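Next come the chains, spelled out residue by residue.
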Amino acid sequence: MLLPLLHQCGRSLLKVGAVATVQTSCYSANMSKRVAVVLSGCGVYDGSEIHEASAVLVHLSRGGASVKMFAPNVEQMHVVDHSKGQPTEEKRNVLVESARLARGDIQDLAQLNASDHDAIILPGGFGAAKNLCTWAVQGKDCTVNHQVKTALEAFHGAGKPIGLCCISPVLAAKVFPGCEVTVGVENDDKYPDTTGTAAAINQLGCKHVSKSVGESHVDAKNKLVTTCAFMCQAPIHQVYDGIGVMVQDVLKLA
């Protein structure tokens, strides 16, 4: 009695395994867009904003893209105790900290080659303004990390889309004069930091376009796709959805 039952169960398991294999194969076959994601650490106050990075990865996965993550192998500007919002005396490395978000699967930004990818996306967080450039302390007069600048110019020169969210669009404003980006809606209490940032972007000779948290702005000429994310005081699901719109627009251009 038991032997036939075991055989039947075995056949069922084989069928389930076969279906899983087919589904995996189909999913792999659809992973046509290769996207590089550049992180800036781990944690909103001194690195990548974790929810933004996660949202980017989830929406890329849902869009059938294959992803490789990168970060510059440099020391963080500083380390912030997130429970107090205050800097500490610690020293941390951007690549090592970014590896936390990447579950260890990350490469030195120096190894990024635009020819191996169809698009690049940079989540926000203060790390983008502290570790990828010096906007946090110098504003429009900031300098951009050499490897970050080189990567952005390589994708732009190849006509490949660049996605940026939260504060990271300032990188595009600094590297690509005359481009169009959004960091939210100007003169709106829900976007407390947008107006000042937008003014600095405009002073760089670029154009700031007001867009709500659920929208992205596409600069078709430069293939830049931006969304404000946590520049808006919005529920996390709205930030998540807005990043999804940005990711979808990037994949459409890729």
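Structure: above.
Here is a short report on the structure shown in this document. (Residues numbered from 1 in each chain as written. Predicted model: local features only at pLDDT ≥ 70, side-chain atom pairs only at ≥ 80, totals over all residues. Heavy atoms only, no water.)

1. Quick word on the overall build of the protein chain
Scanning the protein chain from N- to C-terminus turns up 9 helices and 11 strands. Going through the 254 residues of the protein chain one by one, you find that 45% of them count as buried. Residue pairs in contact within the protein chain that sit at least 24 positions apart in sequence constitute 72% of those at least 6 positions apart. Accessible area of the protein chain: about 12,400 Å², with a carbon and sulfur share of 54%. (Helix = DSSP H or I, 4+ residues; strand = E, 2+ residues; numbered from the N terminus. Buried < 20%, exposed > 50% of the residue type's maximum accessible area, 1.4 Å probe, protein only. Contact = heavy atoms within 4.5 Å. Areas by Shrake-Rupley, 256 points an atom, 1.4 Å probe, with all protein chains shown as cover.)

2. What about helix H9 (residues 236–253)?
In this model, H9 (18 residues) spans 26 Å end to end at C-alpha, consistent with the 26 Å of a helix rising 1.5 Å per residue. Turning to H9, its buried residues number three or more, namely Val-239, Gly-242, Ile-243, Gly-244, Met-246, Val-247, Asp-249, Val-250 and Leu-251. (Expected span 1.5 Å × (residues − 1).)

3. Digging into the side chain of Asp-219
Structurally, the position occupied by Asp-219 is in strand E10 (residues 217–219). For the buried residue Asp-219, which engages in no salt bridge, the nearest side chain bearing the opposite charge is Lys-221, 7.4 Å off. Among the polar contacts made by the side chain of Asp-219, one reaches the main-chain amide nitrogen of Glu-180 at a distance of 2.8 Å. Excluding residues within four positions of it along the chain, Asp-219 makes contact with Cys-179, Glu-180 and Leu-224. (Lys, Arg positive; Asp, Glu negative; His and termini not counted. Salt bridge = Lys/Arg side-chain N within 4 Å of Asp/Glu carboxyl O. Polar contact = N/O pair within 3.5 Å; in protein donor to acceptor, adjacent residues only side chain to side chain.)

4. Some thoughts on the sheet that holds strand E6 (residues 119–122)
Pairing is mixed in the open sheet, where 7 strands are placed in the order E5-E2-E1-E6-E7-E11-E10. The open sheet has two free edges, formed respectively by strand E5 (106–108) and E10, since each of these has just one partner strand. Strand-to-strand twist in this sheet, taken as the mean axis angle between neighbours without regard to direction, amounts to 25 degrees. Two elements, E10 and strand E11 (residues 224–227), share 3 bridges in a ladder whose sense is antiparallel. (Pairing = 2+ DSSP bridges. Axes fitted to C-alpha atoms, helices over the stretch in contact; angles between N-to-C directions.)

5. Overview of the pairing of E11
With burial as the criterion, each face of E11 is covered, one bearing Leu-224 and Thr-226 and the other bearing Val-225 and Thr-227. In this sheet, E11 lies alongside strand E7 (residues 162–165) in parallel orientation, the contact comprising 4 bridges. Opposite Gly-163, over in E11, you have Val-225 as the bridge partner. Where E10 folds back onto E11 in an antiparallel hairpin, the turn is made up of 4 residues, including Lys-223, whose phi is positive at roughly 55 degrees.

6. Remarks on the nonpolar core
Counting residues in hydrophobic clusters, the biggest one holds 68 residues, and the most contacted among them are Leu-60, Leu-112, Ile-120, Leu-122, Leu-171, Ile-243 and Met-246. With 6 residues, the top contributor of residues to this core is H9. For Leu-60, the contacting residues outside a window of four places in its chain are Val-35, Val-37, Ala-65, Val-67, Ile-121, Val-247 and Leu-251. (Core = buried A, V, L, I, M, F, W, Y, C linked by side-chain atoms within 4.5 Å.)

7. A closer look at the environment of Leu-122
Within the element layout of this structure, Leu-122 appears in strand E6. Distance from Leu-122 to Ser-40, taken between C-alpha atoms, is 8.6 Å for residues 82 residues apart in sequence. Setting aside residues up to four positions removed in sequence, Leu-122 forms contacts with Val-38, Leu-132, Val-148, Leu-152, Gly-163, Leu-164, Cys-165, Ser-168 and Leu-171.

8. Comments concerning the packing of aromatic side chains
Tallying each qualifying case throughout the model produces 1 aromatic pair. Here Tyr-45 and Phe-126 contribute two aromatic rings whose centre-to-centre distance is 6.3 Å and whose plane-to-plane angle is 40 degrees, an arrangement assigned as tilted. Of the two residues, Tyr-45 sits in the loop between strand E1 (34–38) and helix H2 (50–62) while Phe-126 sits in helix H4 (residues 126–130), which places them 81 residues apart along the sequence. For Tyr-45, a relative accessible area of 36% corresponds to the partly exposed category. The exposure class assigned to Phe-126 is partly exposed, which follows from its relative accessible area of 41%. (Phe/Tyr/Trp six-rings, centres within 6.5 Å; stacked < 30°, edge-to-face > 60°.)

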